Every structure is written in structure tokens, then in C-alpha cells.
Amino acid sequence: MNTELLAPAGDIEAGYAAIHYGADAVYLGLPSFSARAEAVNFSESELDMFVAYAHSKKRKVYVTLNTLIQEAELTHALEMLDMCQRYDVDAVIVQDLGVARLVQKCFPALALHASTQLAVHNLEGALALKKMGFSRVVLARELSFQEIKNIQEKADVEVEVFIHGALCYSYSGLCFFSSFETGRSANRGKCAYPCRGLFDVGNKSMHPFSMKDLALEKDVLKLKGVSLKIEGRKKNALYVAAVVDYYRRILDTGRVDVGLTDNLKQIFARPWTKLYFKNEDRHAVVDTEFVGHRGLKIGTVEKISNRTIGFKTTHALEKFDGIQIDLKGQEKPFGFSLQGMKVGARSVFTAAAGQMVELELPPHHPFIQVGDVVYLASSTRVKNAYPYEAPKKGVFKKRQRIDVRVWVDEKGVYAESNNQIVSSAGQWVKAQQVEKVKEGALKAFQKMGETAFELGRFQFENPQAFFVPISVLNELRRSLLTVLDTRADLPALPRTELVYKSRRQGNGTQWIIQTDQPACLSGLDLTNFAEICLVLTPDFDLDILKAFPKEKIRLVLPLIIRQAQMKKMKVLLDKCWQSGFKKFEIKNIYGLSLLPKGADMAFDYTLYALNTQAIEQALEWGASRVTLSVEDSLTNMQALIKATPAVCVPIYQDVPLFTSETCIRPHACADCSKKPAIFPIKQKGKKYWAVSQNCQTVVISDQPVCFAMHLKDFHTRFLRIDFCYRPYTTAQVQQIIQEVRQGICPENTVSVNLEKGFL
């Protein structure tokens, strides 16, 4: 593919700005199932207008249907996909495997792009999705240039890479923090951004999870033949115009325009980072001291007097510009609108770069010190620097060309198109000018307005030379267009029998244990469990498996396995297979590429099955069972359990609220022992644990998730108890198992979204 500059559009004005300033493609959301649910998003009529306009400029439009959907929402998902197909969008971006199945079964003309919410982070993940019919993969933001290049060269699938915008602490699609703390799920586009909050880490209050903004700048020139994606569907048209213009000029000239850099930082910018594109330090990507938009640094406070601050400004200022000041000990800058300014002793409306200025502070301003950093956070000049072209409403639409035949007889007038006929009864008089009647009929049927039609061939038959009033002809046109605009019914939900493919025989409830700490299961009566699921790592010691009955073992592939570790992982899996272990579980889509043919494969909950279409897709791909999502509601889980016995319900576990490549440890990478470590974290009285292992950070709550009080509501064959991330003793494991199997939730556990549901 050619290199593509891909811009966000949270509303139609941002879309027009993106095209005006050189975006090759635009991605946008609809009223439902968008991962930026709180953006304005596009109505049906706006989608119609914008796609037609973009295509007239030879630009592409991708629609994000990239959230998880529950069973009751499947029909609505069909409606959104039908809309995409009718208006000729160039691709849909999806996370939910059920939505992917709907596209392939019902709307095969739509191209499928795999959302970054699928957490594709290695070549094997991209290969799996290509095999499953995806034409493009949006890669995880955490990848290095070499990893991106490796996937691009070997996967033979289009690759999309984020180059600018906000970052999440967690891998996208693997964050449960907002969902579990507020009921607002990131997987449903409703994230409340708890990662930006203030936490107590040790004896210090800080923002350990508040990421800087990604900005690859000139490094985008290294990425050739990929889609370069700008984040920002919650940003306005001004921001979109500026960031698209910035990268368009870099791509076209090979140079960075410092003036445009300054413009962009004034509109919106946290501190910038290249994340791990160049394998940067895993601590330098977080802004632990401040949160939110800062702006462009223009100086430091040099003097304070009479409710003014004085400093030498590095950039021009204008009255009513927005100013922000970093205050020591405050997590957010102090901001105000510039109402008064002096240069020397003279009040001025503007000040030039390099001048000493005195800015008037608002009444009741906070304490400001000499040395505090001053930012230009909003510039009147910049606001007026990005005009853009927007077409008049109704000019661009997808229009169907129709041929129309109209004829008149003594009983009425008739119109026919596409085998549809409408009529209007009447008693006509002879026309004095027959040609005028024909001309009037043609003009009436040329008035298609904002409808989805335009007139093709027009045939008018009036052998008895009757006069037909123009009002009658206009009404006849409206009636015909109404009939033609009646849409066909939506396709039915594709169904296949939800066949249970497990090789295990037997009836009744079967309990499963999953753990990354095999030693904690010592002394446990394993006859009470159908399976023991052991989480592998590239350095897993296979001798550990000798302590367990081989027929009960299911080996679990790690959630994240970067390319540097993949060779060791493949060698380990081959040894497991040759040793007779045939049952595996996968947590990420890459597992589809790794497992040998004939393996008994289960899907874990991080492959998200919140609807029967997703379960059907998993079974068609070879899964023997699917674990339901821990953030789901009881009502939806029960609907899925009723549909198939091939599901497992997680009853007790420590859920990874964040899964991150960003290190929580207080020291530099060069000083790290690489040994597992756990750090206590608090926020507003709630306690969490940050687990650091294998250069990854997993954050868990001090309160495990437990659904044991609803055992009677889970009429399913498989129930699972997990002992992962948190260190567990054998005594704790035995006590928890005893209570959970009796329907008792251990102390200090929570049920998160189970009863209350989630957004």
C-alpha cells in the first residue's frame, strides 16, 4: 500500500478540516459502538454527506465499530453495519469478534480492519487476523520501529500505526480499571480515565499512570507503506487541522516546521514522547507531576508585584490569549485569560517575541513563585490560522440514478421507476401549451433535493394533451421517491449450531483452576478439578508439570509475548507438544498462529465473548470452549450460557486492571534486578498492587473479583477459579476454594459489574 495519513473526526467539521489539510483517509464513529462514545460522532445523514464528499476528493473513510457488544445489541449492530454498506464506507474497524463475523457473513463487501483494541503486538497476531479475513491490522502503540517493520514485511497485510495523540498506560483493549471502578468501560467507549488520577506510591503523591502524548514527528518518515494514524476523535476541528497540516508537511517536505510545532502545542499538548518507537526508557514516558493540557512554554516567572507577573516571552502574545502556569505542589496548571498586559510602562494589546512583559493576574489567583513555568495554552492568532473548506449541506450525498416514466390519461397521472408505480387521480382540461406541461413535468422530477436519488432518463407521455398542475406533479414525485426509499429488511443474524466441541466427557459442573504460581496448588486434592490451567512464560520450567496429572493440564499462552521472546516461546510450545500436552488456552489472537493443528484450544476472557456471534466465531476458529468476560453483567452471561454449554464462567480472580509495558519501578532499567516485585498503591482510600515482572507492569485491586454468591444462576458446565498475579499461599488457596465452591465470597472481594451492569 501507499503511505497513508489517517486523521480522526469526532464530528463532520473535523472531517472537513482533515481533508482540507491533506489527510488521505479519515476515521470516524457512529452514534453506537464507537470507542469514543463521548465524541459528537456522525449521524446517518452526516455519514452520507461526508463519505460522498471524501470520495469526491478521492479520500477514504473508515468507520469505527470498535467496542464490545452484548447479546441484546446484535440487531442494532446489524443496523450500523447496514448503514456503512449503504453509504460505501471503505472499511470498518472492529474489536468484537462477533461484529467481525457479522461483517463476513452479512456484509462481505465491507473491508475489515482489526482495531488496536485487539492488542495485536506481534507478527503472529497479524498473521492470524489476515488468515481470518482482515485486510488491515491496527498495531498496539507499544511497538518499536523494528517490530513494526518486521510485521509489515512478513505479514502481507496492511499495517496501521499510531503516530500522534493521547496514550493509555495499559495496552488498548486490556484495561479494566475504569470499568471496575466506575462502571464506565473502556471496551465500550466510555472510559473515565482513572489513569490520569493522583495516587499515593510509597510516601509520595504522584501520577504514576498518566502518560505523555505520542508524537513521532520526523520519525514518521521511517514508516513507509503503512497507514499513519493520528489519535483525537474527541478533539475539535482546529486541533485536527493543525495536526494533519503538521504531518502532511513533514511527509511532503521531509522537514519539521518549528512554527507549526508551536501552533500545535498551543492548541493542545501534554509533554511529548515517542513511547517505545526507539526503545526509550520505560519510565520517561509518564508525566508523574502534572496532568492535562499545558501548551507552549514561553518563559519562566522572573518577578511578581502588584498582581502581575513579569518574564521575557519567547513568543508573541495577544490580549485574550490563554495562559497557564505550573504551580509547585499542584497537579494541574493554573490557567487564565490574558486581560491586561504591559511592555515597559505602557499597556499593549500585543507583545512581540523577546520582549519583557508584565501580565495582569486575575483576582484571587493562587500562590505563584519566581521560576514557575509559563505556557501559552490558547492563541487567538493560531485559532484563526486554520481556515478550511466545507461544502454546503445537501450538495454531497450518495445518490441513485433513476429513470422515470410519467404518463397522463383521463383518470389521472402516473409515475413509474424501478417497477414501482404511483398515481394521482384527477380530471384534466386540455392544455393550451402542451410543451409547457412537458417542461413543467421534467422540472418537477429534477427536484430531488436532499433525497438519495438523481434523475436519469425522463419520459413523458400525454397523448390527449391534458394540462396537469405543477402542484400535482410535485406531489407525484414525492410519492414516488417515498416508495423507492423504502429499504429492504436487514439481513437476519447469521446462525450456526453452537456445537460443543470439547473432547472431555462427563456431566455436571466441572471446576477449573488457572494459576501462574503452580507451587500454590501443592497439597490440593486435584481429583476435585477437571483441569489445571498453568500460565506459561518463555522461561517456564517444564519439570514443574511432573507434579500434576498430565490429563488434567491445560497450558495457557501468555497475554503478551513480544517478538524478542517469540522464538523461545515457540521452542517451549514444541517441547510441550512433543511431551504429550495437547490442551491449550489462548488469551490473545496471536495464539491462533502458534498452536499445532489438532490442539484442544480454549479461549480466555481477554478474547472477549459478550455475544453469541463472538462465541460462534471462536468455535468456527477451532475453540473447544470460551471463557466469558469478567466485566460482563449477570443478565448477559445468562443469555450466553443458555445458548451453549461451550462457555466457562470465571468465579474468582485478581483481574489485571492495567497490563502495561511502562515500568512502575522507581529506578532506571540499567539498575533493575529483573526479579518479580510488587508495589502498594493507594487512591482515595482504595488500595491496589502494581506487579512488575518480565519488564511489564500489571495493576490489580486489593479486592479480588468474586461471583460465588451467584453460583445458582450459572447453569453452565465450567466454572473457574484463578490464582494469578498476587502471591498466594497454599493455605489461602485451599480456604478460598472451599468458600467459593460453597457459594461464599471470601472477605474483601467485589462483584464489579455483575449485578449493576456497565456502560
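In this report, the structure presented in the accompanying data block is examined. All of these numbers come straight from a predicted model, not from anything done at the bench.

## Quick notes on the overall build of the protein
- From N to C terminus, the protein includes 17 helices and 42 strands.
- Counting across all 759 residues of the protein, residues that qualify as buried make up 58%.
- A separation of at least 24 residues holds for 71% of the contacts in the protein among residues at least 6 apart in sequence.
- For the protein, the exposed area adds up to about 31,300 Å²; of that, 50% sits on carbon and sulfur atoms.
- Between the averaged position of the 96 positive side-chain charges in the protein and that of its 82 negative side-chain charges there is a distance of 2 Å.

## Examining the packing of helix α8 (residues 237-253) against helix α9 (residues 258-267)
- Here α8 crosses α9 at 155°, and the two axes come no closer than 10 Å. Regarding the angle of α8 to α9, the classification is roughly antiparallel. Note on packing geometry: the crossing formed by α8 with α9 is left-handed. From α8, Leu238, Tyr239, Ala242, Val243, Asp245, Tyr246 and Arg249 reach across to α9, where they touch Leu260, Thr261, Leu264 and Ile267.
- Its residues placed into classes, the contact of α8 with α9 shows eight nonpolar, one polar and two charged.

## With respect to the pairing of strand β2 (residues 25-29)
- Of all five residues in β2, five are buried, a share of seventy percent or more.
- Where burial is concerned, the two faces of β2 agree: the one with Ala25, Tyr27 and Gly29 and the one with Val26 and Leu28 are both buried.
- With helix α1 (residues 12-20) bridging strand β1 (residues 4-9) and its parallel neighbour β2, the resulting β-α-β unit is right-handed.
- Examined bridge by bridge, β2 and strand β3 (residues 60-65) share five bridges and lie parallel to one another. Of the residues in β3, the one forming a bridge with Leu28 is Val63.

## What about the nonpolar core?
- Ranked by internal contacts, the top residues of the largest apolar core, which has 202 residues, are Val92, Phe603 and Phe723.
- Among the elements that make up this core, the one with the highest residue count is α8 (eleven residues).
- Setting aside chain neighbours within four positions, we find Phe603 in contact with Leu97, Glu585, Ile586, Leu592, Ala618, Trp621, Ala623, Arg625, Val626 and Thr627.

## A word on the pattern of salt bridges
- For the structure on display, the rule yields 49 salt bridges.
- Put simply, Lys570 and Glu124 hold a salt bridge, and the shortest N to O gap is 3.0 Å. Taken as a pair, Lys570 in helix α13 (residues 563-578) and Glu124 in helix α5 (residues 123-131) lie far apart in primary sequence, 446 residues in all.
- Taking the relative accessible area as the measure of exposure, Lys570 reaches 40% and is therefore partly exposed.
- The salt bridge partner of Asp543 is Lys546, with a shortest N-O separation of 3.3 Å.
- Of the residues examined, Lys546 reaches a relative accessible area of 68% and is grouped as exposed.
- Among the ionic contacts, a cluster of salt bridges with common partners joins Glu4, Arg136, Glu158, Glu160 and Lys229.

## Let's talk about the sheet that holds strand β19 (residues 341-343)
- Taken in spatial order, the five strands make up an open sheet running β14-β15-β22-β19-β20, and their pairing is antiparallel. Since the sheet does not close on itself, it has two edges, and those belong to β14 (303-305) and β20 (346-347), each with one partner.
- Bridging between strand β15 (residues 308-312) and strand β22 (residues 356-360) involves five bridges; their strand directions are antiparallel. By the bridge assignment for β22, Ile309 is matched with Leu359.

## Some thoughts on the packing of aromatic side chains
- What the rule picks out here adds up to 26 aromatic pairs.
- Ring centres of Tyr16 and Tyr53 lie 5.2 Å apart, and the angle between their planes is 85°; on these two criteria the pair is classed as edge-to-face. With Tyr16 in helix α1 and Tyr53 in helix α2 (residues 44-56), this pair connects stretches of sequence that are 37 residues apart. The same class applies to Tyr16 and to Tyr53, which are both buried.
- Arranged with centres 6.2 Å apart and planes meeting at 55°, the rings of Phe176 and Tyr608 form a pair that is tilted. Taken together, the positions of Phe176 in the loop between β7 (158-165) and α7 (177-182) and Tyr608 in the loop between β34 (600-603) and α15 (612-620) put the pair 432 residues apart, joining distant regions of the chain.
- By relative accessible area, which is 1% here, Phe176 ends up buried.
- What links up through ring pairs into an aromatic cluster is the set Tyr169, Phe177, Phe199, Phe209, Phe658 and Tyr688.

## Digging into the pairing of strand β25 (residues 412-417)
- With five of six residues buried, β25 is to be regarded as a mostly interior element.
- By the bridge criterion, five bridges tie strand β24 (residues 400-409) to β25 in an arrangement that is antiparallel. Residue Arg405 lies in a different strand from β25, and its bridge partner there is Glu416.
- In this structure, the hairpin formed by β24 and β25 is closed by a connection of two residues.
- Pairing analysis gives six bridges linking β25 to strand β26 (residues 420-425), with the strands arranged antiparallel. Among the inter-strand pairings, Val413 is bridged to a residue of β26, identified as Ser424.

## Side note on the side chain of Thr662
- Looking at where Thr662 falls in the secondary structure, it is placed in the loop between β37 (658-660) and β38 (677-683).
- Sequence-distant contacts of Thr662, defined by excluding residues within four places in its chain, comprise Tyr169, Met211, Tyr276, Arg282, Val285, Val286 and Thr697.

## Describing the environment of Cys745
- Here Cys745 is to be found in the segment after α17 (730-741).
- Residue Cys745 is classed as partly exposed on the basis of its relative accessible area, which comes to 26%.
- The spatial distance from the C-alpha of Cys745 to the C-alpha of Pro704 is 9.9 Å, given a sequence separation of 41 residues.
- Ignoring sequence-local partners within four residues, the contact set of Cys745 consists of Cys706, Phe707, Ala708, Met709 and Glu739.

## Here's the deal with helix α16 (residues 634-643)
- Along α16, the positions that sit buried rather than exposed are Leu634, Asn636, Met637, Leu640 and Ile641. The buried residues of α16 occupy one face: seen down the axis, they fall within an arc of 160°. Residues of α16 that are exposed and point more than 90 degrees away from the buried face comprise Thr635 and Lys642.
- On its buried face, α16 is in contact with α15 and β36 (647-653).

## So, unusual backbone geometry
- Of note, the phi angle at Glu217 is positive, near 50°, even though the residue is not glycine.
- With respect to the helices, strands and loops of the structure, Glu217 is situated in the loop between β10 (213-215) and β11 (227-230).
- A positive phi is found at Phe320, a non-glycine position, where the angle reads about 80°.
- Structurally, the position occupied by Phe320 is in the loop between β16 (317-318) and β17 (322-325).
- Look at Phe320 and you get partly exposed, because its relative accessible area is 44%.

## With respect to the sheet that holds β37
- The antiparallel open sheet is built from six strands, whose spatial order is β9-β8-β38-β39-β40-β37. Two strands close off the open sheet at either side, each with one partner strand: β9 (204-206) and β37. Averaged over neighbouring strand pairs, the angle between their axes works out to 25° when direction is ignored.
- Examined bridge by bridge, strand β8 (residues 199-201) and β9 share three bridges and lie antiparallel to one another. By the bridge assignment, Val201 is partnered in β9 with Lys204.

## Structural notes on the environment of Asp219
- With respect to the helices and strands, the residue Asp219 is situated in the loop between β10 and β11.
- The exposure class assigned to Asp219 is buried, which follows from its relative accessible area of 8%.
- Sequence separation between Asp219 and Ile163 is 56 residues, and the spatial gap between their C-alpha atoms is 8.9 Å.
- Those residues in contact with Asp219 that lie beyond four places of it in its chain are Lys274, Phe277 and Lys278.
- Side chain to side chain, Asp219 and Lys278 meet in a polar contact 3.2 Å long.

About the thresholds
Numbering of residues begins from 1 in every chain and follows the order in which that chain's sequence is written. In view of the model being predicted, local features appear only for residues whose pLDDT reaches at least 70, and side-chain atom pairs are presented and counted only at 80 or more, with totals across whole chains, interfaces and linings using the full set of residues. As a rule here, side-chain values come from all non-hydrogen atoms in the structure, and water together with hydrogens is ignored. By the criteria applied, helices consist of DSSP H or I runs no shorter than four residues and strands consist of E runs no shorter than two, each listed in order from the N terminus. For every residue, the accessible area (1.4 Å probe, protein chains only) is compared with the maximum for its type, and the residue is labelled buried under 20%, exposed over 50%, or partly exposed between those bounds. When checking whether two residues touch, look at their non-hydrogen atoms; a contact exists if any pair is within 4.5 Å. All accessible areas in this document rest on Shrake-Rupley with a 1.4 Å probe, and a residue is counted as covered only by the protein chains that are shown. All tallies of charge rest on Lys and Arg as positive and Asp and Glu as negative; His and the ends of each chain are not included. Positions of charges follow a simple convention, taking NZ of Lys, CZ of Arg, CG of Asp or CD of Glu. A fitted line through C-alpha atoms represents every axis, and for helices the fit uses only the stretch in contact; the resulting angles, taken between N-to-C directions, go from 0 to 180 degrees. An angle below 35 degrees is read as roughly parallel, one above 145 as roughly antiparallel, one from 65 to 115 as roughly perpendicular, and any other as oblique. Handedness of a crossing is defined here by the sense of rotation of the near helix relative to the far one, left-handed for an anticlockwise turn of less than a right angle and right-handed for a clockwise turn. Each residue gets one label: Ala, Val, Leu, Ile, Met, Phe, Trp, Tyr, Cys and Pro are nonpolar, Asp, Glu, Lys and Arg are charged, and the others, such as Gly, are polar. Seen with the strands pointing away from the viewer, any crossover whose path from the first strand over the helix to the second strand runs clockwise is right-handed. Strand pairing follows a simple DSSP-based rule, namely that at least 2 bridges must link the two strands. Take the buried Ala, Val, Leu, Ile, Met, Phe, Trp, Tyr and Cys residues and link them wherever side-chain atoms come within 4.5 Å; each set so joined is a nonpolar core. We define a salt bridge as a contact between a side-chain nitrogen of Lys or Arg and a carboxyl oxygen of Asp or Glu at a distance within 4 Å. Pairing of aromatic rings covers Phe, Tyr and Trp, the last counted by its six-membered ring, and requires centre-to-centre distances within 6.5 Å; plane angles under 30 degrees mean stacked, over 60 mean edge-to-face, and any other angle means tilted. Note that the arc is defined by the directions from the helix axis to the C-beta atoms. Any pair of N or O atoms that falls within 3.5 Å is considered a polar contact. Within protein, one atom must be able to donate a hydrogen and the other to accept it, and sequence-neighbouring residues count only if both atoms are side-chain atoms.

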